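Observations on the three-dimensional arrangement
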Amino acid sequence: QVALVESGGGWVQAGGSLRLSCSGSGRTFSSYTVAWFRQAPGKEREFVSVISWKGATLSEDSVKVRFTISRDNAKNAVYLQLNSLQPEDTAAYSCAARPEAWRTSPGLYQYWGQGTQVTVSS
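In this report, we go over the structure that sits alongside the text. Please read these numbers as outputs of a predicted model, since none were measured by experiment.

Take the sheet that holds strand β7 (residues 67–72) next. Across the sheet, which stays open at both edges, the 4 strands sit in the order β1-β3-β8-β7 with antiparallel pairing between neighbours. Edge strands, defined here as strands with exactly one partner in the open sheet, are β1 (4–7) and β7. Taking each pair of neighbouring strands and ignoring which way they run, the sheet shows an average axis angle of 15 degrees. Pairing between β7 and strand β8 (residues 77–82): 6 bridges, direction antiparallel. Bridge pairing in β8 places Ser 70 opposite Tyr 79.

Right, here's the structure in full:
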């Protein structure tokens, strides 16, 4: 079992930055694949970035130049650095974990946090 808690969301003007954190519980969290997804009002949840337990990363094409995922296994934490934010990045951002290899489909993740809201104004 893994419990996830996100933090770091907020309101920012276009061009600004935020750093989201995903804190995981349990001694095995460091062995889990962790991904970030986002969901804007009226839209489906979409994949943003994922990091394997070894630190390999994959990001969606539209964000990979601006967003960076990382992890600190000693702190049981995964981070998502959001730079050059745009109004279209406004969404609820959630982290999710799975014990197997990474996937980009949200339905394949067993554990989810409650989400943190990111709002970008123009």
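Having seen it, we continue.
So, about the pairing of strand β3 (residues 18–24). Most of β3 is tucked away, with 5 of its 7 residues classed as buried. As paired strands, β1 and β3 are joined by 4 bridges and run antiparallel to one another. Of the residues in β3, the one forming a bridge with Glu 6 is Cys 22. The sheet contact formed by β3 and β8 spans 6 bridges and is antiparallel. By the bridge assignment, Ser 21 is partnered in β8 with Tyr 79.

Moving on: the nonpolar core. Counting 27 residues, the largest nonpolar core has Trp 36, Leu 80 and Tyr 93 as its most contacted members. Among the secondary structure elements, those contributing two or more residues to this core are β3, β4 (33–39), β5 (46–51), β7, β8, β9 (91–98) and β11 (116–121). For this core, the leading source of residues is β9, giving 4 residues. Counting residues in hydrophobic clusters, the runner-up holds 6 residues, among them Ala 35, Val 50, Ala 96 and Tyr 109.

Glancing now at the pattern of salt bridges. What the rule picks out here adds up to 5 salt bridges. Measuring nitrogen to oxygen at the nearest pair gives 3.3 Å for the salt bridge that ties Lys 64 to Asp 61. Looking at Asp 61, the relative accessible area reads 57%, which means it is exposed. Overlapping salt bridges bring together Arg 38, Glu 46, Arg 66 and Asp 89 as one network.

Turning next to the environment of Glu 46. By the element assignment, Glu 46 lies in strand β5. Through-space distance from the C-alpha of Glu 46 to that of Ser 105 is 8.1 Å; in sequence the pair is 59 residues apart. With residues up to four places along the chain from it excluded, the contact list for Glu 46 reads Phe 37 and Arg 38. Reaching out from Glu 46, the side chain makes a polar contact with the side chain of Arg 38 at a distance of 2.6 Å.

This paragraph deals with the environment of Val 65. Checked against the element boundaries, Val 65 lands in the loop between β6 (57–59) and β7. The exposure class of Val 65 is exposed, given its relative accessible area of 79%. The spacing of Val 65 and Ser 84 is 19 residues in sequence and 9.4 Å in space, taken between C-alpha atoms.

Thresholds applied
Residues numbered from 1 in each chain as written. Predicted model: local features only at pLDDT ≥ 70, side-chain atom pairs only at ≥ 80, totals over all residues. Heavy atoms only, no water. Pairing = 2+ DSSP bridges. Helix = DSSP H or I, 4+ residues; strand = E, 2+ residues; numbered from the N terminus. Axes fitted to C-alpha atoms, helices over the stretch in contact; angles between N-to-C directions. Buried < 20%, exposed > 50% of the residue type's maximum accessible area, 1.4 Å probe, protein only. Core = buried A, V, L, I, M, F, W, Y, C linked by side-chain atoms within 4.5 Å. Salt bridge = Lys/Arg side-chain N within 4 Å of Asp/Glu carboxyl O. Contact = heavy atoms within 4.5 Å. Polar contact = N/O pair within 3.5 Å; in protein donor to acceptor, adjacent residues only side chain to side chain.

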